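Residue-level structural notes
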Amino acid sequence: MFVKRILSGVQPTGDLHLGNYLGAIKNFVALQNDYECLYCVVDLHAITVWQDPKMLAQHTREVTAAFIASGIDPDKNIIFNQSQVHEHTQLAWIFNCVARMGWLNRMTQFKDKAGKNKENVSVGLFAYPNLMAADILIYKATHVPVGEDQKQHLELCRDIAQKFNNDFNSNVFPIIEPVIMKQAARVMSLRDGKKKMSKSDVSEYSRIMLSDDVDLINLKIKKAKTDSLPFPSNLNDAQKRPEVFNLISIFAALNNSSPEQVIKKFNNSELSYFKNELSDSLISTIEPIGKEINKLLNDKNYLDSIISTGADKARSIANPVINEVYNKIGLLKT
Ligand code: TYM
């Protein structure tokens, strides 16, 4: 009864890394061929922690450019930024009144981000998953491509949709399905195979950025932590070596293969040979995207026109939904 519709979002908190690309954006590109897709630069999520006002707009354009440079067609899909479509925040407030404190208290990402500083972080950081549910459900999206770290937030989105439908005896919202890539659901740090690759890691050598040039990619892969054992000969052995397994998984994701196939291909090779091949694969994928991002960033008017057209298209879907929700709740429409 719901049209299959895709929505996902990426925060404009600086340059994007390989985890964002392999875990999410590569999937966005693939899905555009078969479905109606909305891809959102979630600037309101970014401000749940302090952002430099001089940089935020620039970062919003950077993520927009990264979407297009990675192959998302702005004519075929809706690319926009969250803060221009007010219906997101209207629905988010309603979800603040639907979601339960206990549900949000269980969110592991909040616990990780707040750490020992729980009393001092913004209320927005705590309520963040409600806004995320609103981003999705304001379009009645049915499928959400994300990396594995967002899975718990999507479960909460399902709970919110279910509770809203029950509370108002309706079937307004679909119960969404996460779409998680098999190979790169969780790209790990190049310095520690047990930690997720992330923007916030202090070591630049922990991540490959979409803006990295050839020399930097070669250097980061050369320095990537491994061990002194030979290249693993089977999946079982590989999985016991988190850093090596992460590199194998990255190679597999870049080449649309599986870790098993990569292990077979490099069986009996030196780790250094594998690392060189991995660098080459990364360079052939990342370098053209980085160059295209820079080219697009030089054309601010073009990027702004994409964002503004995208917001118009997004509003035309979101507005009837917020009206339907107001009606169900008993809020007067203007
Ligand atoms: P964000 O901006 O942190 O990350 C954007 C996307 O990249 C994925 N990702 C990873 N995937 C694999 N390995 C990694 N190391 C890695 N790091 C990041 C994330 O899973 C995500 O898919 N809350 C979201 C943004 C958001 C959203 C939404 C997503 C807001 N509203 C609605 C989907 C639908 C976030 O902070 O993503």
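This part is about the pairing of strand β3 (residues 78-81). Of the two faces of β3, the one carrying Ile78 and Phe80 and the one carrying Ile79 and Asn81 are both buried. One ladder, built from four bridges, connects strand β2 (residues 36-41) with β3; its direction is parallel. By the bridge assignment, Cys40 is partnered in β3 with Phe80.

Turning next to the pattern of salt bridges. A side chain with one charge can pair with a side chain of the opposite charge if their charged atoms come near. Tallied over the entire structure, the rule returns 14 salt bridges. The partner of Lys195 in a salt bridge is Asp201, with the nearest N and O atoms 3.3 Å apart. We note a salt bridge from Arg315 to Asp312, for which the minimum N-O separation is 2.8 Å. Linking Arg315 with Asp312, this pair stays in helix α14 (residues 300-329), spanning three residues, or about one helical turn.

Further remarks concern empty space enclosed by the protein. Tallying each qualifying case throughout the model produces one cavity of 30 Å³ or more. As a volume, the largest cavity reaches approximately 70 Å³. Going through the elements one at a time, α6 (108-114) and α7 (123-137) are the ones with two or more residues in the lining of the largest cavity. Element by element, the count of residues in the lining of the largest cavity is highest for α7, at four residues. When grouped by side-chain class, the residues that make up the lining of the largest cavity number six nonpolar, two polar and one charged.

Glancing now at the packing of aromatic side chains. Summed over all chains, the structure comprises 14 aromatic pairs. Their ring planes at 70° and their centres at 5.8 Å tell us that Phe80 and Tyr139 sit as a pair that is edge-to-face. In this pair, Phe80 sits in strand β3 while Tyr139 sits in the loop between α7 and β4 (143-145), placing the two residues 59 residues apart along the sequence. No difference in accessibility class separates Phe80 from Tyr139, as the two residues are buried. Aromatic pair Phe164 and Phe173: ring centres 5.0 Å apart, planes at 65°, arrangement edge-to-face. By way of ring pairs, the aromatic residues Phe231, Phe251, Phe266, Tyr273 and Phe274 are connected into one cluster. Sitting above the plane of the Tyr205 ring, Lys223 keeps its charged end 4.9 Å from the centroid.

Let's shift gears to the nonpolar core. Core analysis: the biggest nonpolar cluster contains 55 residues, and Leu22, Phe67, Ile250, Phe274 and Leu282 have the highest contact counts within it. Those residues within four positions of Phe274 in sequence are excluded, and the remaining contacts are Phe231, Leu247, Ile248, Phe251, Val262 and Phe266. Residues Val85, Ala161, Val172 and Val321 belong to the second largest nonpolar core, which totals 49 residues.

Space inside the largest pocket adds up to approximately 1300 Å³. Residue lining of the largest pocket: 47 residues in total, with Gln109, Lys113, Asp149, Gln150 and Lys196 positioned closest to the centre. Sorting the residues of the lining of the largest pocket by element identifies β1 (5-10), α1 (18-31), α2 (43-46), α6, α7, β4 and α8 (151-167) as the ones contributing at least two each. By residue number, the principal contributor to the lining of the largest pocket is α7, which donates five residues. Across the lining of the largest pocket, the residue classes break down as 17 nonpolar, 19 polar and 11 charged. Each pocket or cavity is described by its volume, and for the second largest pocket that value is around 340 Å³. What lines the second largest pocket is a set of 19 residues, among which Lys182, Gln183, Arg186, Phe245 and Ser249 lie closest to the centre. Among the secondary structure elements, those contributing two or more residues to the lining of the second largest pocket are α10 (235-239), α11 (242-254) and α12 (259-266). With five residues, the single largest contributor to the lining of the second largest pocket is α11.

Calculation criteria
- Residues numbered from 1 in each chain as written.
- Predicted model: local features only at pLDDT ≥ 70, side-chain atom pairs only at ≥ 80, totals over all residues.
- Heavy atoms only, no water.
- Buried < 20%, exposed > 50% of the residue type's maximum accessible area, 1.4 Å probe, protein only.
- Helix = DSSP H or I, 4+ residues; strand = E, 2+ residues; numbered from the N terminus.
- Pairing = 2+ DSSP bridges.
- Salt bridge = Lys/Arg side-chain N within 4 Å of Asp/Glu carboxyl O.
- 1 Å grid on protein atoms, 1.4 Å probe; cavity = no way out; pocket = protein on both sides within 12 Å on 5 of 7 lines; lining within 4 Å.
- Points joined across faces, edges and corners; volume = space filled by probe spheres on them.
- Nonpolar A, V, L, I, M, F, W, Y, C, P; charged D, E, K, R; others polar.
- Phe/Tyr/Trp six-rings, centres within 6.5 Å; stacked < 30°, edge-to-face > 60°.
- Lys NZ or Arg CZ within 6 Å of the ring centre and 35° of its normal.
- Core = buried A, V, L, I, M, F, W, Y, C linked by side-chain atoms within 4.5 Å.
- Contact = heavy atoms within 4.5 Å.

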